[in-house]
Amino acid sequence: MSYVQVLLEALRAMAMNRLRTALTMLGMIIGVGAVVLMMAVGQGAQTKVNQSIATMGSNLFIVLSGAVTSGGVRFGTGSAQTLTVDDATALAGLSTVKGTAPLISGGFQLAFGNANWGTLVWGTTPDYFTLRAWDTDEGELFGDTDLRSASRVAVIGQTVAENLFPDENPVGKTLRIRNSPFTIIGVLARKGQNLDGRDQDDTVFVPISTARQQLIRTPFPGSVRMIMAQAISEQALAEAEAEMTQLLRVRHRIREGQDDDFNLRNLSAVAETAAIAARAMSLMLGAIASVSLLVGGIGIMNIMLVSVTERTREIGIRMALGARRRDILLQFLTEALVICLVGGSVGLAIGVGGAWIAAELANMTVEVTLASAGVAFGFSAAIGVFFGFYPARKAAGLKPVEALRYE
Amino acid sequence: MAPLIRLTGITKHYATAGAMDVPVLFGIDLAIARGEFVAIMGQSGSGKSTLMNILGCLDSPSGGSYELDGRDVSALGDRELANVRNRTIGFVFQGFNLLRRMSTEDNVALPLAYAGVGRAEARRRAREQLTQTGLGEFAARLPNQLSGGQQQRVAIARALVNHPALVLADEPTGNLDTRTSNEIMEVFTRLNAESGITVVLVTHEPDIARHAHRLVRLKDGLVIYDGPVQGAAQ
């Protein structure tokens with residue numbers, strides 16, 4: 001019997017028992033739909049994390065001041081303010097460190113004309129932009145001259161630009177930060193969210209010298225809130241961490257056995273952890289969805305077994321008319337396969353639709369890849385063959401005379 | 001010319017759950033020539049259904065040899081047996097055994113499909129066969145939309161569509177009233193007389209057996225009479 005005919009027979013058998021076929025398919029639809037949707041969500045989460053990591057800059061460390069304890073009250077990381085600009089310079093001199101940038105910050109209300117906007121203002125050195133691999137979309141960054149002369153210049157992020165200058169080019173305009181006028185010389189390129197989900201574009205940068213003079217009062221001259229440092233390579237990360245820790249301990253005169261008065265964080269490690277977590281979540285979602293696919297497959301096997309029993313006499317008649325075992329095997333296998341593939345296709349469509357709804361309504365990052373669609377489709381075909389084979393073989397193994405006698 | 005069917009010392013016993021095998025046939029010797037019209041009779045339990053199944057290659061004998069159309073079929077594998085059933089034998093059953101969800105035309109075309117004939121050609125030949133049987137107008141109907149007699153004629157058309165050398169009819173009139181039974185037997189008689197097809201009929205009704213030319217009577221797994229229908233004692 002030709003394959004076309006086998007297929008037609010399968011469709012006819014399925015049409016005979018519409019409700020049962022539909023319910024069996026539902027198992028596959030839910031299974032494949034769940035796999036596609038979950039993989040899309042997982043892939044989306046991974047992509048989002050990877051994008052955030054890409055915007056961060058590579059091989060970065062952050063050094064924060066340690067905690068201060070006063071009268072039994074511990075104020076938390078950064079409260080000690082023991083780091084200085086000189087620390088940053090000294091760290092930059094290490095062979096494993098490519099560059100450093102000291103940072104101080106404060107929250108301020110910005111104003112331009114009638115518009116105003118509150119954000120965090122950072123004072124730093126031009127090296128910071130090199131470390132973050134961050135350039136301007138328009139205008140330019142401040143340089144060493146601005147740093148030395150403590151010029152009143154500012155570089156703003158996209159979010160600030162959009163809120164204060166909705167219709168005009170901010171470059172050259174004068175921005176007031178807590179009533180001090182600053183000339184905007186550049187607008188930074190968009191970075192998007194960071195790993196914590198914070199908007200990296202909602203920010204203003206000014207030279208650290210200017211910030212100290214005009215805006216931010218520090219506990220003592222030269223103290224900074226944090227230092228950003230970059231290792232020369234990925235391989236040098238561990239060594240750089242050790243050397244920086246050692247150097248800072250010496251500079252801060254910390255004796256053997258005493259705790260550090262600073263906090264060194266490897267941002268790459270944080271990023272890697274986030275990436276691993278995202279991958280693990282993606283895998284877990286896929287695994288959970290696969291269970292429903294498995295259940296769907298078992299449902300198909302169940303129905304096919306019932307169908308073989310119900311149609312024993314039909315099988316006997318077909319054998320009497322000349323059907324070979326192969327013909328019978330193929331007939332039942334095809335039925336299982338068609339149910340799986342049709343169910344798989346509908347499930348795929350629903351999965352893609354569900355992903356789209358999740359993206360539109362829940363504002364989730366989802367990503368349906370061709371691979372996940374292929375995997376789902378291949379899976380449903382494999383399930384059809386796997387779970388259809390046993391019942392089909394059972395049908396093909398019937399003895400003609402016994403099958404014919406079956407009531 | 002060699003006979004179409006030659007059974008030599010055919011035995012059959014069934015393995016049961018208990019230790020004992022149940023013997024059904026005790027050594028049947030039977031030769032049927034081409035063009036014969038034979039009725040096999042016997043009470044239930046006489047082994048006539050078992051013999052029928054062996055003749056139809058639906059079951060294999062426990063011992064002895066079975067030659068059909070010059071081939072020793074007792075030595076054939078599943079695949080060849082399927083081919084023999086497909087090409088050499090046409091079956092007509094008591095319960096018609098049409099597939100419910102197919103049109104009569106597709107039912108008749110089914111043996112052709114298993115013979116590897118293309119769909120269009122198979123349909124054409126099926127329709128032709130139905131027309132010859134006088135059922136051309138019912139080609140598109142489902143079996144359960146036909147009367148019992150019509151269904152059995154569709155089954156006969158299905159048995160004949162592949163031009164078999166042998167038609168095996170197992171109680172073909174068992175589900176039919178007397179008038180329809182006679183009509184169906186007329187069809188077999190005509191087939192045998194006009195097309196020279198060998199017909200082997202299993203029945204327990206003497207009235208039906210009377211349409212045949214030769215009678216084989218079984219009792220307790222042995223042939224107790226083999227001769228012309230006319231001379232047979234009731």
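Calculation notes
- Residues numbered from 1 in each chain as written.
- Chains lettered and ligands numbered in written order.
- Predicted model: local features only at pLDDT ≥ 70, side-chain atom pairs only at ≥ 80, totals over all residues.
- Heavy atoms only, no water.
- Pairing = 2+ DSSP bridges.
- Helix = DSSP H or I, 4+ residues; strand = E, 2+ residues; numbered from the N terminus.
- Axes fitted to C-alpha atoms, helices over the stretch in contact; angles between N-to-C directions.
- Contact = heavy atoms within 4.5 Å.
- Buried area = accessible area lost by both parts, 1.4 Å probe.
- Salt bridge = Lys/Arg side-chain N within 4 Å of Asp/Glu carboxyl O.
- Polar contact = N/O pair within 3.5 Å; in protein donor to acceptor, adjacent residues only side chain to side chain.
- Phe/Tyr/Trp six-rings, centres within 6.5 Å; stacked < 30°, edge-to-face > 60°.
- Buried < 20%, exposed > 50% of the residue type's maximum accessible area, 1.4 Å probe, protein only.
- Parallel < 35°, antiparallel > 145°, perpendicular 65-115°, else oblique.
- Left-handed = near helix turned anticlockwise from the far one by under 90°.
- Nonpolar A, V, L, I, M, F, W, Y, C, P; charged D, E, K, R; others polar.
- Core = buried A, V, L, I, M, F, W, Y, C linked by side-chain atoms within 4.5 Å.
- Expected span 1.5 Å × (residues − 1).

A. A look at the sheet that holds strand S9 (residues 214-219) of chain B. Residue and element names in this part refer to chain B. One open sheet holds the six strands; their spatial order is S6-S7-S8-S3-S9-S10, and the pairing between them is mixed. Either end of the sheet is taken by a strand with one partner, and the two such strands are strand S6 (89-92) and strand S10 (222-228). Averaged over all adjacent pairs, the angle separating strand axes in this sheet is 15 degrees, with direction ignored. Pairing of strand S3 (residues 37-41) with strand S8 (residues 198-202), which is carried by four bridges, proceeds in the parallel orientation. Paired with Ile 40 across the bridge in S8 is Val 202.

B. Spatial organisation of the interface of chain A and chain B. Of the residues lining the interface, 25 residues belong to chain A; the matching set on chain B comes to 24 residues. Here chain A meets chain B over a buried area of about 2500 Å², counting both sides, of which 57% is carbon and sulfur. When the buried surface of chain A facing chain B is broken down by residue, Arg 12, Leu 321 and Arg 324 of chain A rank first, second and third, together holding 26% of it. Remark: the boundary between chain A and chain B carries three salt bridges. Inspection of the region where chain A meets chain B yields seven residue pairs in polar contact (both at pLDDT 80 or more). Broken down by secondary-structure element, the contributors of at least two residues to the side of chain A that touches chain B are helix H1 (3-16), helix H10 (312-320), helix H11 (325-360) and helix H13 (400-405) of chain A.

C. Structural context of the packing of aromatic side chains. Counted under the stated rule, the structure contains eight aromatic pairs over all chains. On the basis of an interplanar angle of 45 degrees and a centroid distance of 4.4 Å, the ring pair of Phe 112 of chain A and Phe 165 of chain A is categorised as tilted. You can see Phe 112 of chain A sitting in strand S4 (residues 97-112) and its partner Phe 165 of chain A sitting in the loop between helix H6 (158-164) and strand S8 (174-177), a full 53 residues away along the chain. Summarising the burial analysis for this pair, Phe 112 of chain A and Phe 165 of chain A share the class buried. Between the aromatic rings of Phe 91 of chain B and Phe 93 of chain B, the centroid separation amounts to 5.7 Å while the plane-to-plane angle is 5 degrees, which identifies the pairing as stacked. On the basis of relative accessible area, Phe 93 of chain B is assigned to the buried category, the value being 10%. Among the aromatic side chains, those forming a connected cluster through ring pairs are Tyr 128, Phe 129, Trp 134, Phe 142 and Phe 205 of chain A.

D. Seen up close, the packing of helix H5 (residues 148-160) of chain B against helix H6 (residues 178-195) of chain B. Residues and elements named next belong to chain B. Across the interface, H5 lies against H6 with an axial gap of 10 Å and an inter-helix angle of 20 degrees. The angle between H5 and H6 places the two elements in the roughly parallel class. H6 is crossed by H5, and the crossing has right-handed handedness. Along its contact with H5, which presents Gly 149, Gln 152, Arg 153, Ile 156 and Leu 160, the element H6 presents Thr 180, Glu 183, Ile 184, Val 187, Phe 188 and Leu 191. Tallied by class, the residues present in the contact of H5 with H6 amount to six nonpolar, three polar and two charged.

E. Structural view of the nonpolar core. With 74 residues, the main nonpolar core has Ile 5, Leu 7, Leu 55, Tyr 66 and Leu 68 of chain B as its most contacted residues. If we skip the residues at most four places from it in the chain, Leu 7 of chain B touches Ile 28, Asp 29, Leu 30, Leu 51, Leu 55, Ser 65 and Tyr 66 of chain B.

F. Molecular detail of H1 of chain A. The end-to-end C-alpha separation of H1 of chain A is 20 Å, in line with the 20 Å expected for 14 residues at 1.5 Å each. Taken residue by residue, H1 of chain A has Gln 5, Val 6, Glu 9, Ala 10, Ala 13 and Met 14 of chain A as its buried positions. Its buried side turned inward, H1 of chain A meets helix H2 (18-56), H10 and H11 of chain A together with helix H3 (104-114) and helix H4 (119-132) of chain B.

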